[in-house]
Amino acid sequence: TYYGIYALQHRGQESAGITVSNFGEKTTFKGMGLVADVFSSEKLDELKGNAAIGHVRYSTSGASQLVNAQPLESKFKLGQIAVAHNGNLVNAEIIKELLEDSGSTFITDIDSEVIINMIARKASKGLEEAIRSTVRAIKGSYSLVILADQKLIGVRDPYGIRPLCLGQNDEGDYFLASESCALDAVGAD
């Protein structure tokens, strides 16, 4: 994941983050700045697991603050969830207001947090249906990678405006990335 987001550094230099899932137990580390400055070799040694997502950020919504760095992680009815989002939601403010009216709280001021709250709100329908329901509600151009319920899930907007590449290496591991250069960096086709 480190090498993947390092290859995507041109997509954002504001912050970098990685969430690792160790058979369901998630750990997130993120910081302001470039990937190589945020992650020391010691910090990378601490991030152990069987699945991970990463993100590099440039501001399209929300201030340039650590609280807005991704992946966003939360606990909800189905356990821990982490989401990394690329793109813009054109109806985020409307959805956020509706969620707040029904009791949801927000820590960040980015549209990505709307996604994680929408998924949590629909959790009683199961993870996959909660994600489907959320995707039907949000409008805009986006791609998402989600770690939840010991699963790695990728989603892109219905029109494919924001890219999402799927790769696989010789060992059979799968990779999702916003550009194929990240796949090249980890030796995946």
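Scroll up a little and you will see the structure.
Residues numbered from 1 in each chain as written. Predicted model: local features only at pLDDT ≥ 70, side-chain atom pairs only at ≥ 80, totals over all residues. Heavy atoms only, no water.

Asks: Account for the sheet that holds strand S3 (residues 51-57), with residues named and values stated.
Replies: Ordered by their spatial adjacency, 3 strands build an open sheet running S2-S1-S3, and the pairing between neighbours is antiparallel. Where the open sheet ends on each side, the last strands, each with one partner, are strand S2 (25-32) and S3. For this sheet, the mean angle separating the axes of adjacent strands, direction not counted, is 10 degrees. Here 8 bridges tie strand S1 (residues 15-22) to S2, and the two strands are oriented antiparallel to one another. Of the residues in S2, the one forming a bridge with Ala16 is Gly31. (Pairing = 2+ DSSP bridges. Helix = DSSP H or I, 4+ residues; strand = E, 2+ residues; numbered from the N terminus. Axes fitted to C-alpha atoms, helices over the stretch in contact; angles between N-to-C directions.)

Asks: Could you give an account of the sheet that holds strand S5 (residues 79-89), naming the residues involved and the relevant values?
Replies: In spatial order, the strands read S4-S5-S6-S7; together these 4 strands make up an open sheet with antiparallel pairing. If you trace the sheet from one side to the other, it starts and ends with strand S4 (72-76) and strand S7 (151-156), each paired once. Looking at each pair of strands side by side, their axes are set apart by 20 degrees on average, direction ignored. Pairing between S4 and S5: 5 bridges, direction antiparallel. Looking across to S5, one finds that Phe76 is bridged to Gly79.

Asks: Describe helix H6 (residues 127-137), naming the residues involved and giving the relevant values.
Replies: Three or more residues of H6 are buried, namely Leu127, Ala130, Ile131, Ser133, Thr134 and Val135. On its buried face, H6 sits against S4, helix H5 (112-121), strand S6 (140-148) and S7. (Buried < 20%, exposed > 50% of the residue type's maximum accessible area, 1.4 Å probe, protein only. Contact = heavy atoms within 4.5 Å.)

Asks: Tell me about the layout of surface pockets, and name the residues and values.
Replies: A volume near 950 Å³ is recorded for the largest pocket. In terms of lining, the largest pocket is formed by 45 residues, of which the most central are Thr1, Ile5, Ile53, Gly54 and Leu176. Only helix H1 (2-7), S1, S3, S5, S6, strand S9 (174-177) and helix H7 (180-185) provide two or more residues apiece to the lining of the largest pocket. Per-element accounting of the lining of the largest pocket gives the leading share, 7 residues, to S3. The space that makes up the second largest pocket amounts to roughly 230 Å³. Lining the second largest pocket are Val67, Leu72, Glu73, Ser74, Phe76, Thr105, Ile107, Thr108, Glu113, Ile116, Asn117 and Ala120. When residues of the lining of the second largest pocket are traced back to their parent elements, those giving at least two are S4 and H5. Of the residues assigned to the lining of the second largest pocket, the class counts are 6 nonpolar, 4 polar and 2 charged. (1 Å grid on protein atoms, 1.4 Å probe; cavity = no way out; pocket = protein on both sides within 12 Å on 5 of 7 lines; lining within 4 Å. Points joined across faces, edges and corners; volume = space filled by probe spheres on them. Nonpolar A, V, L, I, M, F, W, Y, C, P; charged D, E, K, R; others polar.)

Asks: Account for the environment of Thr105, naming residues and giving values.
Replies: Of note, Thr105 is situated in the loop between helix H4 (92-101) and H5. Considering only alpha carbons, one finds Thr105 and Asn117, 12 residues apart in sequence, at a separation of 8.5 Å. Apart from the residues within four sequence positions on either side, Thr105 is in contact with Glu113 and Asn117.

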